[in-house]
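# Descriptive structure summary
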Amino acid sequence: MANLEIHLPKELTIRPQPLVTLAGLDSKRNADHRIIADAFTLNRRQDRLPLNFQVRPTDHDYPHASPPRQSYEFFHPRGILKTGWMEKHLQVIPSVCVLFFDLDWDTEQWTERVQECLSKLQCIRTSLSGRNTRVALVLLQSKTRSPLGSA
């Protein structure tokens, strides 16, 4: 019997790690943002879920989703998976996108900052439209003051 070697892509030989993107973190200029990014990406213990965290800008351009087929009448499948499907869903298109935004409760430009946050959130939702990606928002505060006052 001949020795058969099967060459599998790297994505099929390792345990898949879903992609989680961290948007809105400026780790080069803000030390707090760097600490947050490092907390997610560095020193992940073995008992934690295997996730692939990547820091990306808020205006990152994700690939657009193809429109669904109208008819499968003349469709001829050429395999189980497309060539770059695994890599695309593990390295390019996130399962979760987390937007971090600096917003203090007592800022003078409250309405402008809220509108800026909403526009960044809408930019992410628009770039991921047609995908099954979940979007989360994390508000970062520089002060530990409650909006309800001191209790």
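Here, every reference points to the structure presented above.
Below is a short write-up of the structure. Please read all numbers here as calculations on a predicted model, not as lab measurements.

Reading the values: the criteria
- Residues numbered from 1 in each chain as written.
- Predicted model: local features only at pLDDT ≥ 70, side-chain atom pairs only at ≥ 80, totals over all residues.
- Heavy atoms only, no water.
- Core = buried A, V, L, I, M, F, W, Y, C linked by side-chain atoms within 4.5 Å.
- Buried < 20%, exposed > 50% of the residue type's maximum accessible area, 1.4 Å probe, protein only.
- Helix = DSSP H or I, 4+ residues; strand = E, 2+ residues; numbered from the N terminus.
- Contact = heavy atoms within 4.5 Å.
- Polar contact = N/O pair within 3.5 Å; in protein donor to acceptor, adjacent residues only side chain to side chain.

## Structural notes on the nonpolar core
- Core analysis: the largest hydrophobic core is formed by nine residues, namely Val20, Leu22, Leu25, Ile36, Ala37, Phe53, Val98, Phe100 and Leu140.
- Taken together, the elements giving at least two residues each to this core come down to β1 (19–23), α2 (31–41) and β3 (96–102).
- In this structure, Leu140 is in contact with Leu25, His33, Ile36, Phe100, Phe101, Asp102 and Leu103, ignoring residues within four places of it in sequence.

## As for the environment of Asn52
- Within the fold, Asn52 resides in strand β2 (residues 52–56).
- It is 5.5 Å that separates the C-alpha atoms of Asn52 and Gln17, two residues lying 35 residues apart in sequence.
- Residues in contact with Asn52, not counting those within four places in the same chain, are Gln17, Pro18, Leu19, Val20, Leu90 and Gln91.

## Observations regarding the side chain of Thr133
- Its location among the elements puts Thr133 in the loop between α4 (110–127) and β4 (134–140).
- Residue class for Thr133 comes out buried when judged on its relative accessible area of 11%.
- Within the local environment of Thr133, its side chain forms a polar contact with the backbone oxygen of Pro94, the two atoms lying 2.7 Å apart.
- In contact with Thr133, other than residues within four places in its own chain, are Ile93, Pro94, Ser95, Val96, Cys97 and Leu128.

Function-wise, these values are silent; they only describe arrangement.
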